[in-house]
Amino acid sequence: MLIPNASLEALNTLRLPGKARRFAEIGSAEQLRRLIEVGELSEGPIVILGGGSNVVISGDLEATVLLIRIPGREFVGEDAEAYYVRAGAGEDWPAFVEWTLEQGWGGLENLAFIPGTVGAAPVQNIGAYGLEAKDRFLSLEALDLDSGRTLSLDRGACRFGYRESLFKGEEGRGLVVISVTFRLPKAWKPEIGYADLGRELDAMGVAEPTPLQVAQAVTAVRRRKLPDPLEIASAGSFFKNPVLETRTFEALRDRFPQVPSYPQADGRFKVAAGWLIEQCGWKGRSLGPVGMYAQQALVLVNHGGATGAEVLRLAETVRADVLSRFGIELEMEPVVL
Ligand code: EPU
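Residues numbered from 1 in each chain as written. Predicted model: local features only at pLDDT ≥ 70, side-chain atom pairs only at ≥ 80, totals over all residues. Heavy atoms only, no water.

(A) Broad picture of the overall build of the protein. The helix and strand tally for the protein stands at nine helices and 20 strands. A compact globule built from 337 residues would reach a C-alpha radius of gyration of about 20 Å, and the protein, at 20 Å, matches this within 12%. If one aligns the C-alpha atoms of the protein with their principal axes, the spans along those axes are about 60 × 50 × 40 Å. In the protein, buried positions account for 50% of the 337 residues. Counting every atom, the protein has about 15,600 Å² of accessible surface; 48% of that belongs to carbon and sulfur. Both charge centroids of the protein, one from 36 positive and one from 44 negative side chains, sit 3 Å from each other. (Helix = DSSP H or I, 4+ residues; strand = E, 2+ residues; numbered from the N terminus. Rg over C-alpha atoms; globule rule 2.2 N^0.38 Å. Buried < 20%, exposed > 50% of the residue type's maximum accessible area, 1.4 Å probe, protein only. Areas by Shrake-Rupley, 256 points an atom, 1.4 Å probe, with all protein chains shown as cover. Lys, Arg positive; Asp, Glu negative; His and termini not counted. Charge placed at Lys NZ, Arg CZ, Asp CG, Glu CD.)

(B) Molecular detail of the domain arrangement of the protein. Under the domain assignment used here, the protein contains domain 1 (3–68), domain 2 (73–185), domain 3 (195–225) and domain 4 (233–336). For domain 1 and domain 4, the distance between their C-alpha centres works out to 29 Å. In this assembly, eleven residues from domain 1 lie in contact with 17 residues from domain 4. Both sides of the domain 1 and domain 4 interface together cover about 1,000 Å² of buried area, and 61% of this is carbon and sulfur. Counting every contact that joins domain 1 to domain 4 gives zero salt bridges. Counting every contact that joins domain 1 to domain 4 gives five residue pairs in polar contact (both at pLDDT 80 or more). Taken together, the residues of the side of domain 1 that touches domain 4 break down into six nonpolar, four polar and one charged. (Domains from an automatic or database assignment. Contact = heavy atoms within 4.5 Å. Buried area = accessible area lost by both parts, 1.4 Å probe. Salt bridge = Lys/Arg side-chain N within 4 Å of Asp/Glu carboxyl O. Polar contact = N/O pair within 3.5 Å; in protein donor to acceptor, adjacent residues only side chain to side chain. Nonpolar A, V, L, I, M, F, W, Y, C, P; charged D, E, K, R; others polar.)

(C) Here's a closer look at the nonpolar core. In this structure, Ile26, Leu32, Trp93, Phe96, Leu140, Phe167 and Phe182 are the most contacted members of the largest nonpolar core, which totals 56 residues. Core analysis: the next-biggest nonpolar cluster, separate from the first, contains 47 residues, Val47, Ala272, Trp275 and Leu298 among them. (Core = buried A, V, L, I, M, F, W, Y, C linked by side-chain atoms within 4.5 Å.)

(D) Representation of the sheet that holds strand E14 (residues 243–244) within the structure. Read across the open sheet, the three strands follow the order E14-E16-E15; overall the sheet is antiparallel. Bordering the open sheet on either side are E14 and strand E15 (261–263), each of which pairs with just one other strand. Where E14 lies against strand E16 (residues 269–271), two bridges are found, and the strand directions are antiparallel. Within E16, the position partnered with Val243 by the bridge is Lys270. (Pairing = 2+ DSSP bridges.)

(E) The arrangement of the sheet that holds strand E17 (residues 286–287) in detail. If you walk across this open sheet you meet the four strands as E13-E19-E18-E17, and the pairing is antiparallel. The outermost strands of the open sheet, each flanked by one partner alone, are strand E13 (233–237) and E17. Running at roughly 35 degrees to strand E18 (residues 290–292), helix H9 (residues 308–326) makes contact with E17, E18 and strand E19 (299–302) of the sheet. (Axes fitted to C-alpha atoms, helices over the stretch in contact; angles between N-to-C directions.)

(F) Inspection of the pattern of salt bridges at higher detail. Across all of its chains, the model carries 23 salt bridges by this definition. For the salt bridge of Arg69 with Glu25, the shortest nitrogen-to-oxygen distance reads 3.0 Å. You can see Arg69 sitting in the loop between strand E5 (61–68) and strand E6 (73–78) and its partner Glu25 sitting in strand E2 (residues 19–26), a full 44 residues away along the chain. Arg69 sits in the partly exposed class, given a relative accessible area of 41%. Residue Arg73 pairs with Glu91 through a salt bridge whose shortest N-O separation is 3.0 Å. Here Arg73 is found in strand E6, whereas its partner Glu91 is found in the loop between strand E7 (82–88) and helix H2 (93–102), with 18 residues between them in sequence. Using a relative accessible area of 13% as the deciding quantity, one classes Glu91 as buried. Salt bridges linked by common partners bring Arg21, Glu43 and Glu62 together as one network.

(G) Main features of the site of the ligand. Around the ligand lies a shell of 25 residues, among which Tyr129, Tyr162, Tyr194, Glu278 and Gln296 are the nearest. One nitrogen or oxygen atom from the main chain of Tyr129 is found 2.6 Å from an oxygen atom belonging to the ligand. Here an oxygen atom of the ligand sits 3.2 Å away from a polar atom, N or O, in the side chain of Arg222. When isolated, the ligand has an accessible area of 820 Å², and the protein chains bury 83% of it. Elements represented by at least two residues in the shell around the ligand include exactly strand E8 (127–128), helix H6 (211–225), E13 and helix H8 (273–279). With three residues, H8 is the single largest residue contributor to the shell around the ligand. Tallied by class, residues from the shell around the ligand come to eleven nonpolar, six polar and eight charged. (Near = heavy atom within 4 Å.)

Here it is as structure tokens:
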């Protein structure tokens with residue numbers, strides 16, 4: 001059932017080469033349970049792959065790679081406040097969002113057109129235009145590879161943060177997301193405070209948008225700023241936007257008054273990493289076959305034929321330049337495998 005020496009190149013959106021020592025496509029929780037029962041997953045590390053849109057394949061992996069393809073979308077119920085919908089971890093995220101909108105359920109429109117799978121959405125706590133997956137999350141089912149047991153985790157248990165969750169840390173490593181349930185509020189109101197989104201809706205001539213129109217505006221902004229995955233390989237934003245303590249931020253703003261920033265609920269400030277990188281001269285600049293995207297300096301792109309080592313070399317160079325110019329340490333967003 002496990003395939004030896006399987007190529008991962010077509011399974012990651014940065015199109016980096018690398019082989020998995022052993023590989024399997026997982027179509028159901030039962031299949032995964034069977035693999036555990038027969039002891040197939042007891043030797044060596046396990047790597048879980050969804051859409052491969054947020055990973056850096058560093059080379060050949062001495063691991064068993066499980067590609068999660070668990071399907072399914074269902075309406076699970078409603079109450080006075082919300083509709084509840086569940087999807088299998090292997091469902092395509094943008095297709096799932098589109099489906100919810102077609103059913104007339106608003107709530108996920110700001111997260112339209114983000115590449116990846118439903119199962120990866122809570123792992124990474126994906127976010128865009130003022131909304132994060134956690135804001136619409138109810139619960140998920142996960143299989144514990146150590147015990148073979150299925151767990152149900154609510155929002156608190158998932159410990160969501162900015163592009164963070166339980167599943168990215170040591171404690172969550174043995175957990176495989178099987179399905180995710182979302183809560184889509186009936187009292188829908190648009191979240192269009194993000195400047196780009198507001199401008200796009202104005203350009204569309206829409207003052208009171210429907211969920212579908214918000215999704216259209218989001219899609220238009222993303223198409224303009226982010227590379228088309230069919231043409232240019234990338235993993236979306238390559239670094240997180242750094243969150244600075246108030247003092248550190250004020251010192252930065254004194255030196256660079258034009259730095260784009262977003263006040264956080266806890267009094268700290270999030271700073272646009274794309275701007276920091278652009279100031280260091282990296283926008284549209286390459287190092288070997290990789291570079292920072294000309295339309296959005298936060299996006300690292302593979303112009304063709306790059307290796308994981310070349311990606312990491314560019315990431316390190318950009319990080320070092322931002323550190324020496326601004327004294328700020330950038331943290332990578334994708335997971336290095
Ligand atoms: N900016 C520059 N130069 C650049 C890029 C950006 O000056 O080359 C400035 C922009 O002018 C703007 C600010 O930086 O003032 C923010 O840029 P943008 O709106 O493009 O968003 P971002 O902060 O770079 C984040 C998320 C994206 C998400 C967008 C929209 C992170 C790491 N990235 O990017 O998420 O789509 O906001 O909400 O938080 C992803 O995580 O993969 C991703 C694409």
